[in-house]
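# Coordinate analysis (summary)
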Amino acid sequence: MEVEKFKVLLYLKKSGTDKSGKAPIMGRITVNRTMAQFGCKLSCRPELWNARESRLDGKSREAVETNAKLDKLLLAINAAFDTLVERRQDFDATAVKELFQGSMETQMTLLRMADRICEDLKARIGIDRAKGTYPGYYYMRKTLGEFIPWQFKTKDIAFGQLTEQFIHDYQNYVMDVKGLAVDTVRYLAILKKVCRIAYKEGYAERCFFANFILPKQMERTPRALSREDFEKIRDVEIPAWRTTHILARDLFLFACYTGTAYADAVSVTRENLQTDDEGSLWLKYRRKKNKLRASVKLLPEALALIDKYRDDDRPTLFPMIRYSNMKRHMKALTVLAGVSGSLCYHQARHSFASLITLEAGVPIETISRMLGHSDIQTTQVYARVTPKKLFEDMDKYIEATKDLKLVL
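Everything quoted here is computed from the prediction, not taken from an experiment. (Residues numbered from 1 in each chain as written. Predicted model: local features only at pLDDT ≥ 70, side-chain atom pairs only at ≥ 80, totals over all residues. Heavy atoms only, no water.)

In total, this model carries 16 salt bridges according to the counting rule given. Across the salt bridge formed by Arg 310 and Asp 312, the nearest N and O atoms sit 3.6 Å from each other. Across the pair, Asp 312 and Arg 310 agree in class, each one exposed. (Salt bridge = Lys/Arg side-chain N within 4 Å of Asp/Glu carboxyl O. Buried < 20%, exposed > 50% of the residue type's maximum accessible area, 1.4 Å probe, protein only.)

With respect to the element layout, Thr 334 can be found in helix α11 (residues 323-337). Taking relative accessible area as the criterion, Thr 334 reaches 12% and is therefore assigned buried. Only 2.9 Å separates the side chain of Thr 334 from the backbone oxygen of Met 330, close enough to count as a polar contact. Ignoring any residue separated from it by four or fewer positions in sequence, one finds Thr 334 in contact with Val 339, Gly 341, Ser 342 and Leu 343. (Helix = DSSP H or I, 4+ residues; strand = E, 2+ residues; numbered from the N terminus. Polar contact = N/O pair within 3.5 Å; in protein donor to acceptor, adjacent residues only side chain to side chain. Contact = heavy atoms within 4.5 Å.)

A separate point is the environment of Cys 195. Looking at where Cys 195 falls in the secondary structure, it is placed in helix α6 (residues 184-200). By relative accessible area, which is 0% here, Cys 195 ends up buried. Along the backbone, Cys 195 and Leu 162 are 33 residues apart, and their C-alpha atoms lie at a distance of 9.9 Å. The contact partners of Cys 195, leaving out residues within four places of it in the chain, are Leu 110, Phe 159, Leu 162, Phe 208 and Phe 209.

Right, let's talk about the nonpolar core for a bit. Membership of the largest hydrophobic core comes to 47 residues, with the highest contact counts inside it found for Ile 233, Leu 251 and Phe 252. Element by element, the count of residues in this core is highest for helix α8 (residues 243-258), at 10 residues. With residues near it in sequence (within four places) discarded, Phe 252 still touches Leu 225, Ile 233, Met 330, Leu 343, Cys 344, Tyr 345 and Ala 348. Among the nonpolar cores identified, the runner-up in size contains 33 residues, and Ala 114, Cys 118, Phe 147 and Ile 190 belong to it. (Core = buried A, V, L, I, M, F, W, Y, C linked by side-chain atoms within 4.5 Å.)

We now examine the sheet that holds strand β7 (residues 281-286). The strand order across the open sheet formed by three strands is β6-β7-β8, and the pairing between neighbours is antiparallel. The sheet is open, and its two borders are formed by β6 (273-275) and β8 (293-297), each paired with just one other strand. Here the average twist between neighbouring strands, direction ignored, is 30°. Both β6 and β7 contribute to a ladder of three bridges, which runs antiparallel. Its bridge partner lying in β7, Gln 274 is registered against Trp 282. (Pairing = 2+ DSSP bridges. Axes fitted to C-alpha atoms, helices over the stretch in contact; angles between N-to-C directions.)

Shown next, in the form of structure tokens:
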């Protein structure tokens, strides 16, 4: 398309003066013989408006702030025009207006795309997506829906209006304004995914934020229980009327003996119990997190816990307890048992990897299969070498090399 004329005119609509005496600033885009009008969502007192310069006169705070917004508006319009020219297709003034404004009727907007991805994910829960995946997308969409009106004074934004600064501003919003920190990296990663899908499907001219490097979270070393704290939890006496506290403690111990995560411990059934050729009972299941198979030979302590809660009318090995209640009971168990520091359910899985198996001499490759890990490097993070294990291995090394002679 050959563009013979492109012009943007800003003017004051004096007939629309409000109660404070300010008139709205309007705009008109001209492309060849087509025109499109739009509101700038700005206003000023008529005596400050300079029609020749299309700006406010003076250096007052109102004039400086309004002129800066007008400059930003003009840049957005010119950027939209340049984008349409690069497409090498016919367009008119209305197309320029809709591109820079992000028309809800004609364009896929950022929030609309986020909604679509959230709905697609929700529909796949239980098929090839875990239920725990959805909350991250939901809260990303929620904070994004709050950020856009807060930052841009509009309900939504088109991909044509995005800039590379957007993701930095969003990051500052969720961290500084909303006070979030732990989930920030996840939100930013999901936002990048939304923009990547929009680009692949042709809704965005380019893949926004592809070069944005996600901030690194502080590496947290998994904390397994000490032998002393493990024994305190195992032996603590809990009043009989605190049935849910007892259940929480027993589920925690079961995880210490088997390495099961919370989602697996409350969902395994009798069908997951299998007997080998030697008559030993095994717990074999597919993990909720990654669908990989985990297999662990049941210790006598784990068998005792299964027998304690045996109920032929219930499909699962243990009664159900909500995770929110489990977290609350873990805090109570910290006090009742008198253990040092805080206590969370996942520590039981770490304790199984290091305290129960690695210290007993179980090879890390075997531990990886027991835990249902896809990568042994993940197991290496769980199975931290304890001082006791280190000393025992050093003793074995010294014993094995005592007859060696150094030859120079």
